[in-house]
Structure formats: structure tokens, C-alpha cells
Amino acid sequence: MLVRGLFRRCAHCGGKGAFFTGWIARQDRCKTCGFKWERNLEGFQLGAAAMNIMLTGGSLLFVMGIGVIATYPNVPTWPLIAVVCAVALIVGIGGFPTSYTVWLAVDLRMNPLTEEELADAAAHARK
Ligand SMILES: [Zn+2]
């Protein structure tokens, strides 16, 4: 399920694009299986935001570490800061949908779908 999330797919059915209608635009159900992903909205948004922060922060540390190691001892401070800022923007925005789908996988793992949710999803699935 985590791998599905990493590729921005529905954690439940693996459907391509999951519930995204654009890069950032979302709808409330998976396009393929009809699964309603907004299960506990506030907690979910918080988890997705935390996931995004970890993803962005992690890649920042990674890029900074590589930059410092590669150029040590003459670390080009300003160019490195510029690169790190660019990475923050790219990962922060580019990783936005991924943080949702990955978090959804974590959420589904912790709280598997109930019978009612499955029935509801089936009723809304693409025929
Ligand atoms: Zn789905």
C-alpha cells in the first residue's frame, strides 16, 4: 500500500491518480474504486501535512548533506542555499499529492476499511 502511495495511486485499489483530478485538485472519492478517502478529515489532513513536512525536510537535509560533502572544504554557501530552496519548493509542491496517498496507505493500515465503507465504495465505483 505504501508503494501505491509513493506512485500517487489509490492505497485501496491501486487505481492510477487515486482521487486527484489535477496535480493538487482532489475529489472526495477514488476515481477507480469509489473509496471515500476523507474518513476523519481533520486528523487526516494533519497526517498528510506531517508527511509532507517530513518528505520536504528529509530531502532538504539530504541535498544539503550531499552538497557539503561534495564541495568540502570550500562549501559554496549561497549557491547551496539556492539549490536547497529550489528543492524545498519542488518537493513541497511536487510531493503534495504523494504525501496524501502515502498517508492514506498508513491510515488504511491502521484502520482497515469497514464493511459499510466497502459497500459504499462499491456503490460509487466506476462501472
Ligand atoms: Zn481506489
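Only a predicted model underlies this, so the values are computations on that prediction, with no experimental measurement involved. (Residues numbered from 1 in each chain as written. Predicted model: local features only at pLDDT ≥ 70, side-chain atom pairs only at ≥ 80, totals over all residues.)

So, the overall build of the protein
Here comes step 1: Helices and strands together make up the secondary structure of the protein, namely 5 helices and 0 strands.
Here comes step 2: Of the regular secondary structure in the protein, the N- to C-terminal order runs α-α-α-α-α.
Here comes step 3: Its C-alpha radius of gyration of 18 Å places the protein more than 25% over the 14 Å reference for a compact globule of 127 residues.
Here comes step 4: Residues counted as buried form 23% of the 127 residues belonging to the protein.
Here comes step 5: If you take every contact in the protein between residues at least 6 apart in sequence, the share linking residues at least 24 apart comes to 59%. (Helix = DSSP H or I, 4+ residues; strand = E, 2+ residues; numbered from the N terminus. Rg over C-alpha atoms; globule rule 2.2 N^0.38 Å. Buried ≥ 20, exposed ≤ 12 C-beta atoms within 10 Å, placed from the backbone. Contact = placed C-beta atoms within 7 Å.)

Quick notes on helix α4 (residues 96-110)
Here comes step 1: If you check α4, its first and last C-alpha atoms are 21 Å apart, about what 15 residues at 1.5 Å a residue would give, namely 21 Å.
Here comes step 2: For α4, the full list of buried residues reads Pro97, Ser99, Tyr100, Thr101, Val102, Trp103, Leu104, Ala105 and Asp107. (Expected span 1.5 Å × (residues − 1).)

Thoughts on unusual backbone geometry
Here comes step 1: The linkage connecting Tyr72 with the following residue, Pro73, adopts the cis geometry, with an omega of 5°.
Here comes step 2: Structurally, the position occupied by Pro73 is in the loop between α2 (41-71) and α3 (77-94).
Here comes step 3: Even without a glycine there, the phi angle at Ala18 is positive, about 45°.
Here comes step 4: Secondary-structure assignment places Ala18 in the loop between α1 (2-6) and α2.
Here comes step 5: Accessibility expressed as a C-beta count within 10 Å gives 28 for Ala18, which makes it buried.

Some thoughts on the nonpolar core
Here comes step 1: One finds Cys10, Phe19, Cys30, Trp103 and Leu104 to be the most contacted residues of the largest nonpolar core, which totals 16 residues.
Here comes step 2: Within the residue set of this core, elements represented by two or more residues are α2 and α4.
Here comes step 3: Of all the elements, α4 adds the most residues to this core, at 5 residues.
Here comes step 4: Excluding residues that lie within four positions of it along the chain, Trp103 makes contacts with Gly47, Ala48 and Met51. (Core = buried A, V, L, I, M, F, W, Y, C linked by C-beta atoms within 7 Å.)

Topic: the environment of Gly15
Here comes step 1: By secondary structure assignment, the location of Gly15 is in the loop between α1 and α2.
Here comes step 2: Here Gly15 is in contact with Arg9, Cys10, Cys30, Lys31, Thr32 and Cys33, once residues within four sequence places are set aside.

Structural notes on α3
Here comes step 1: Taking 1.5 Å of rise per residue, 18 residues should cover 26 Å, and α3 covers 25 Å from first to last C-alpha, within 8% of that figure.
Here comes step 2: In terms of burial, α3 is a largely surface element, 1 of the 18 residues being buried.

Describing the environment of Ala122
Here comes step 1: Mapped onto the elements of the fold, Ala122 is located in helix α5 (residues 115-124).
Here comes step 2: Sequence separation between Ala122 and Phe35 is 87 residues, and the spatial gap between their C-alpha atoms is 7.6 Å.

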